[in-house]
Amino acid sequence: ELGREAMAYCDVVDPADFCGRWERTKREENMAAFATWRGISKEALAAALAEPEVQVIVECTKSSLTTIRQLAQREGYQEEYTVSLDGTYELIPERLAKVGNVLLPGNKAGTWMHRWDAEGLLSEQVEVVNGVEHVVRLWRTVRGREMVAVLGIFKTGGGKEEEVLRARRFYRHVPFRPTWTAASAQFFSGNDTTENLGITVGWMRKAKAAGAALLVTPENTNRDRTYFKDGKPSPEVAWECCEALDGPFVTGLCRAAREIGIWVCAGVDYRGAKAPDVHIGQVLIRPDGEIAAVHTKKVLWDYEYTIFVPGTGPYVAVDTELGRMGLLMCADGIVPECTRVLALKGVQVLLNSLNSRGPDELRTHIPCRALENGVWHIASNTIGNPHNQGLLWPWAGGSQVIDPAGRRLVEADEREQIEEMILAEIRPFEAEGKGTSWVDDLTAQRRPELYGAMTASIDELPCAPMYGPVGPGALPFPGPDSVKVAMMQFSRFHTRVFAEWAVKRQAAYAKRKGAQIGVLPELCFFKRGEVEEAPESAAAYGAEVLAMVIALAKETNMHLCFSNPEEDQGLLYHTAYLVGPTGLMIKYRKAHLNRRELQWATPGAKLAEVVQTELGRVALMVGDEVYVTEVGRCLALNGVEIVLHPADWCSDDEPNVVATERAGESRFHMVSVTRMDSVDAAPHVGSQTTLAGEFIDGEPIPLMRYSRGIWCRAGVEECTVVDLERREPHCKMMGWHLDVLKKRYPECYKVCTVPTKELYLWRNITQHRPGTFPDVLRAARGTRSAL
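A. The arrangement of the overall build of the protein chain in detail. What the protein chain contains, in helices and strands, is 16 helices and 40 strands. Expected size for 787 residues packed as a compact globule is a radius of gyration near 28 Å; at 29 Å, the protein chain falls within 12% of this value. The principal-axis extent of the C-alpha atoms belonging to the protein chain is close to 95 × 70 × 50 Å. The 787 residues of the protein chain split such that 61% are buried.

Now the structure itself:
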């Protein structure tokens, strides 16, 4: 076909034709023979053939090839590497070699070679199989939207080569879509799965007609959960009512996706491998009708534990032309680890199918998981409740699309119980920016070396005695039944002398109101901007303030919490203190600094310690560290009861969404006291105490799920005393069955402790973005239009 055998493939075909995003398909030829040669089992071969792989070739010339390889199921692996096409053996990229390949594990030397020849773009390596040396060659050729990879095995010896076998794998060109429209449909599914399939397909058609590339539908889209026998939840009834993933409902969705040409992410209750195991699942289906991924819900909502079996596998990222996707379902997002793990695996867009009756999803979980991770979040919730007996509380609706900054782009009805579809434009690579209201780069502020508690064994953590409901006897940790804490909302707006005088009056007033602890705002003895302008002199004055507050605590017989600039051996820190009648009790140097603090402060060397005091187990958090998922979670895992939080709100979302989420997701009390001049950025919210809450039988669903708050008015001096029951943080239950600390999967959270530079984030591995390399639909040579 090439005319002259000696002519290289690149002399006939433009090497740039190889550029673009290539997805490996399921199509193959003779791979079974290859597996036999390699000694691979049928099961291992099937798994290898099913594993998604994407090769994004960003540059291809006669002399070099630059590829971004994506194997998302391997802890989110993606990496860019460049190879010379000169036939010289060179080292396989270290991380690629470490990730490995079941079919081509690599030679002991860890080397490979690349060049052009008459058969195509050749990659070669040497392997020893059964004591015999073989050359493994892979030729790639391109025709239009198809790339063919021909795998050849040659036995060597005596200066000769003997061909053992050839096999083929196939790739299709599916260009990135840097901008696309997402749809989220909220509706109710009844008991007729055939009817529900028709309803869902109807929403798919509406989404396609509206220009959407992807539709997200609620959890259990396939049917209502009438899985009861004699008035009690029954796994056996669920098994009878549900189908396997290859049943009519899911196959019907696949067929419709292919006919309509749309991505769909749908929640389904499905049968497990054996009766009566039933799982809560989410299927992501491609526009060609293939299932791209299945997620099995890992954290279940309360009663679901009496019917369903939770998933046990890892959280999986999915590479698509729409960006890297991450799947979660409802209660998966009540706790912070699921979305954090997905984001650290490079996910740009979260797809969330819900079946929630609570107001917390709309107000906290959905926006918070986008905001704290800097990712898009497309959420679809069930709406309505046609039943007239049993639990009558309706499903809450309120489906949303949130951008990486936490902005609510569009929001569906909550109050009027309307079935509807919402649309929003998604630009997935904006999730690579990671800029927020408090810091320019979320990932740069990570301190993974401090997050070891995230991966510790559940039973070995200090919080272990706090699992489950709180019993009627004594608490496992000493302290009073309740603690009175004063939110002493104040910040300097006049002279230093006035500020010290005002704080002393606040403390005296709080003491008369019965307060045992007083919490002051972040840097409250300093005017806004004063510390950044003259940090050394501010630290010198901070030492005077510390001595003054220690004396004040002794005089009033109170505990006082505040933050100051601190100097130590030539370094400056933003440091929070808790002082008591006996002197300094807790000192914490802020470990995660915001953009202002980065101008003058050094990060602290460790997270805040949880300290057993006479008032219970207490820890400190400073300012916008509330945004850092691992900070609050590690405090909870170390058994904190009360978090004292000198704050300076930079947006309404900080108290309303993030602080509320931090306390609620781990069930501890958090006393957040903000500055009076925070009014410029957050005019609607003053200081806030978020209560841990204790589950009580018969509690309304919103109270089970949504942490209660107590507030001060914004922008004025306040001193509000709150009574914190120590029992509440010892109840980690959201309902009868969901323990928000014990129902964790630390074996899945190892990525939380991976150094930031080693994360498989697109921004870490390449400077390329869609549009910086050739990636357009193209026709095969000699044809009239694109294949």
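Having seen the structure, we can now continue with the description.
B. Structural view of the pattern of salt bridges. All told, the structure shown has 63 salt bridges when counted by the stated rule. The partner of Asp648 in a salt bridge is Arg596, with the nearest N and O atoms 3.8 Å apart. Of this pair, Asp648 sits in the loop between β34 (642–646) and α14 (653–666) while Arg596 sits in the loop between β31 (583–589) and β32 (611–613), placing them 52 residues apart in sequence. Overall, the relative accessible area of 32% leaves Arg596 in the partly exposed class. Within the structure, one salt-bridge network assembled from shared partners comprises Arg21, Glu23, Arg172, Arg286, Asp288 and Glu290.

C. How the structure looks around the pairing of strand β2 (residues 54–60). Burial analysis of β2 places 6 of its 7 residues in the buried class, the great majority of the element. Pairing between strand β1 (residues 20–29) and β2: 4 bridges, direction antiparallel. Paired with Gly20 across the strands is Ile57, a residue of β2. Of the strand pairs in this sheet, β2 and strand β3 (residues 64–71) are connected by 6 bridges, and their pairing is antiparallel. Bridge pairing in β3 places Glu59 opposite Thr66.

D. Summary view of the nonpolar core. Counting residues in each nonpolar core, the largest one holds 107 residues, and the members touching the most others are Val485, Val519, Leu620, Leu635, Leu644, Met670 and Val671. Ignoring any residue separated from it by four or fewer positions in sequence, one finds Met670 in contact with Met621, Val626, Val643, His645, Ala659, Arg662, Ala663, Gln688, Thr689 and Thr690.

E. Region of the structure containing the sheet that holds strand β6 (residues 111–117). The sheet built from 10 strands is open, its strands ordered β4-β3-β2-β1-β10-β9-β8-β7-β6-β5 with antiparallel pairing. Each edge of the open sheet is held by one strand with a lone partner, namely β4 (77–84) and β5 (90–91). Contacting β1, β7 (120–129), β8 (132–143), β9 (146–157) and β10 (160–173), helix α2 (residues 31–38) crosses the sheet at an angle of about 130° to β10.

F. Molecular detail of the environment of Asp288. Counting through the fold element by element, Asp288 comes out in the loop between β16 (278–285) and β17 (291–296). Here the alpha-carbon distance between Asp288 and Ile262, two residues 26 residues apart in the chain, equals 8.1 Å. Other than its neighbours up to four places away in sequence, Asp288 contacts Arg172 and Arg258. A distance of 2.9 Å separates polar atoms of two side chains, one belonging to Asp288 and the other to Arg172.

G. Looking closely at the state of the cysteines. Tallied over the full model, the rule gives 0 disulfides. Unpaired in terms of disulfides, Cys712 finds its nearest cysteine sulfur in Cys719, a separation of 8.1 Å. We note that Cys731 lacks a disulfide partner, and the nearest cysteine sulfur, in Cys463, lies 14 Å from it. With a relative accessible area of 2%, Cys731 lands in the buried category.

H. Main features of the packing of aromatic side chains. Tallied over the entire structure, the rule returns 22 aromatic pairs. Judged by centre distance (6.4 Å) and plane angle (15°), the ring pair of Tyr9 and Trp116 falls under stacked. With Tyr9 in helix α1 (residues 9–12) and Trp116 in strand β6, this residue pair connects regions lying 107 residues apart in the sequence. Look at Trp116 and you get buried, because its relative accessible area is 10%. It is Lys298 that lies over the ring of Tyr745; its NZ or CZ is 4.1 Å from the centre. The cationic tip of Arg617 hangs over the ring face of Phe477; the distance from NZ or CZ to the ring centre is 4.4 Å.

I. Spatial organisation of the environment of Val250. Assignment of secondary structure puts Val250 in helix α7 (residues 248–260). The residues touching Val250, leaving out its near neighbours within four places in the chain, are Leu245, Val268, Ile285 and Ile291.

J. A look at α2. Among all positions in α2, only Met31, Phe34, Ala35, Trp37 and Arg38 are buried. Projected onto a plane normal to the axis of α2, the buried residues spread over an arc of 160° and lie on a single side. Structurally, α2 contributes buried residues whose contacts are with β1, α3 (42–50), β7, β8, β9 and β10.

Definitions and limits used
- Residues numbered from 1 in each chain as written.
- Predicted model: local features only at pLDDT ≥ 70, side-chain atom pairs only at ≥ 80, totals over all residues.
- Heavy atoms only, no water.
- Helix = DSSP H or I, 4+ residues; strand = E, 2+ residues; numbered from the N terminus.
- Rg over C-alpha atoms; globule rule 2.2 N^0.38 Å.
- Buried < 20%, exposed > 50% of the residue type's maximum accessible area, 1.4 Å probe, protein only.
- Salt bridge = Lys/Arg side-chain N within 4 Å of Asp/Glu carboxyl O.
- Pairing = 2+ DSSP bridges.
- Core = buried A, V, L, I, M, F, W, Y, C linked by side-chain atoms within 4.5 Å.
- Contact = heavy atoms within 4.5 Å.
- Axes fitted to C-alpha atoms, helices over the stretch in contact; angles between N-to-C directions.
- Polar contact = N/O pair within 3.5 Å; in protein donor to acceptor, adjacent residues only side chain to side chain.
- Disulfide = S-S within 2.5 Å.
- Phe/Tyr/Trp six-rings, centres within 6.5 Å; stacked < 30°, edge-to-face > 60°.
- Lys NZ or Arg CZ within 6 Å of the ring centre and 35° of its normal.
- Arc of directions from axis to C-beta.

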